[in-house]
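Structural features, examined
One letter stands for each residue in the lines below.
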Amino acid sequence: MPTDTWFPLAIYRSDLPEAPAHKKVLLETVLAMEEAVTERRNFPEMAWTGDLHGVAQIHQDPRFAWIVEQVEHHTLQYLEELGLDVSQVALYIQRAWPVVSRYQQEVGTHCHNTAHISAVYYVSVPNSGSDESGCLVFFDQMRPNEVCPGLGSENTNIVASWNALNQDQAVYEPTEGRLIIFPAKQQHGVTFNHTEAERVSLSFDIVLTAAPGQAAGAYEFLSPPPSQWQRFGTRETGG
Ligand SMILES: [Fe+2]
């Protein structure tokens, strides 16, 4: 008897052919950015992330122009694969930051609540293609086949074998030059870097709004473009 599977999570992946030509500049730039920040704002077992250290606008830095262009191009490809009419949306890179993971550092489980699409690009990976320097792991929050909620948790051994129908995570070994794009709301984390060398990646958060002039029926699902927003609630300081 067949068992059908439905409702796939779509993770986009592309190995960028021009990556080797850009590695040196990107790597040197990120490491210099990290070094310029003197105050460490997260625990030592966590990777250094630019967003926590005031380095979250690299998309506006011309030294990152190549990868920004790649992220934009591939995000459109991804959205078209998802069946969207991209002519009706406006896309914005909202923030972008480097991540440097050193020996025995990880990134805890999280999702990017203020964005719609997230992307990661691997600039430099020790033992690229292996799991040694920390894997990107996506966690299935829905667990549609977990017939008793929690049955697959670590507190029981009732799930006797793990297979494609009860899989609760998807693991990507870090690969130098690879771009991965995924829904920002999808929970994910990065496992420990067990190598002596640093793993360097770039993260991007992308927001979709309605395209100007495409309002009909869209504003219930997409924000109007930020150019139409009006800020209020700011207070004069001093005086
Ligand atoms: Fe993330």
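In the block above lies the structure referred to throughout.
Residues numbered from 1 in each chain as written. Predicted model: local features only at pLDDT ≥ 70, side-chain atom pairs only at ≥ 80, totals over all residues. Heavy atoms only, no water.

1. A closer look at the nonpolar core
With 36 residues, the main nonpolar core has Phe64, Ile67, Tyr121, Leu202 and Phe204 as its most contacted residues. Each residue touching phenylalanine 64, except ones within four places of it in the same chain, is listed here: Leu26, Thr29, Val30, Met33, Ile58 and Leu202. (Core = buried A, V, L, I, M, F, W, Y, C linked by side-chain atoms within 4.5 Å. Buried < 20%, exposed > 50% of the residue type's maximum accessible area, 1.4 Å probe, protein only. Contact = heavy atoms within 4.5 Å.)

2. A look at the pattern of salt bridges
When the charged atoms of two side chains with opposite charge come close together, those side chains can pair. Under the defined criterion, the tally for this structure stands at 10 salt bridges. Ionic pairing is found between glutamate 28 and lysine 24, a salt bridge with its closest N-O pair at 3.1 Å. On the criterion of helical spacing, the pair formed by glutamate 28 and lysine 24 is a turn pair, its members being 4 residues apart in helix α1 (residues 19-36). Residue aspartate 61 is joined to arginine 63 by a salt bridge in which the shortest nitrogen-to-oxygen separation is 2.7 Å. Taking the relative accessible area as the measure of exposure, aspartate 61 reaches 13% and is therefore buried. A single network of salt bridges, built from pairs that share partners, joins Asp51, Arg95 and Asp205. (Salt bridge = Lys/Arg side-chain N within 4 Å of Asp/Glu carboxyl O. Helix = DSSP H or I, 4+ residues; strand = E, 2+ residues; numbered from the N terminus.)

3. Structural notes on helix α2 (residues 65-81)
Its 17 residues place the ends of α2 25 Å apart at the C-alpha level, agreeing with the 24 Å of an ideal helix rising 1.5 Å per residue. On its buried face, α2 is in contact with β1 (12-15), α1, β3 (89-101), β5 (117-124), β8 (178-183) and β10 (199-210). One or two positions beyond α2, positive phi appears at glycine 83, with a value near 90°. (Expected span 1.5 Å × (residues − 1).)

4. Observations regarding the layout of surface pockets
Estimates place the volume of the largest pocket at around 1000 Å³. Residue lining of the largest pocket: 34 residues in total, with Phe7, Asp140, Arg143, Pro144 and Gln167 positioned closest to the centre. Broken down by secondary-structure element, the contributors of at least two residues to the lining of the largest pocket are β6 (136-139) and β7 (169-172). In terms of residue count, β7 provides more of the lining of the largest pocket than any other element does, 3 residues in total. Partitioning the lining of the largest pocket into residue classes produces 19 nonpolar, 9 polar and 6 charged. Lining the second largest pocket are 28 residues, with Thr49, Trp97, Val107, His110 and His112 positioned closest to its centre. Counted by class, the lining of the second largest pocket contains 13 nonpolar, 11 polar and 4 charged residues. (1 Å grid on protein atoms, 1.4 Å probe; cavity = no way out; pocket = protein on both sides within 12 Å on 5 of 7 lines; lining within 4 Å. Points joined across faces, edges and corners; volume = space filled by probe spheres on them. Nonpolar A, V, L, I, M, F, W, Y, C, P; charged D, E, K, R; others polar.)

5. Digging into the coordination of the iron ion
Around the iron ion, the protein supplies His110 (NE2), His112 (NE2) and His188 (NE2) as donor atoms, at distances of 2.1 Å. Summarised as a motif, the one-chain spacing of the donors to the iron ion is H-x1-H-x75-H. Residue histidine 110 is found in strand β4 (residues 107-110), and its partner histidine 188 is found in strand β9 (residues 188-190); the two are separated by 78 residues along the sequence. (Donors = N, O, S within 2.8 Å, 3.2 Å for Na, K, Ca; no water.)

6. Details of the sheet that holds strand β2 (residues 48-49)
Within the open sheet, the 6 strands sit side by side as β1-β8-β5-β10-β3-β2. Their pairing is antiparallel. Strands at the two margins of the open sheet, each flanked by one partner only, are β1 and β2. Pairing between β5 and β8: 5 bridges, direction antiparallel. By the bridge assignment, alanine 119 is partnered in β8 with isoleucine 181. Where α1 meets the sheet, its contacts fall on β2, β3, β5 and β10, and the angle it forms with β5 comes to roughly 100°. Running at roughly 45° to β8, α2 makes contact with β1, β3, β5, β8 and β10 of the sheet. (Pairing = 2+ DSSP bridges. Axes fitted to C-alpha atoms, helices over the stretch in contact; angles between N-to-C directions.)

Take it as geometry only, folks, not as evidence of what the structure does.
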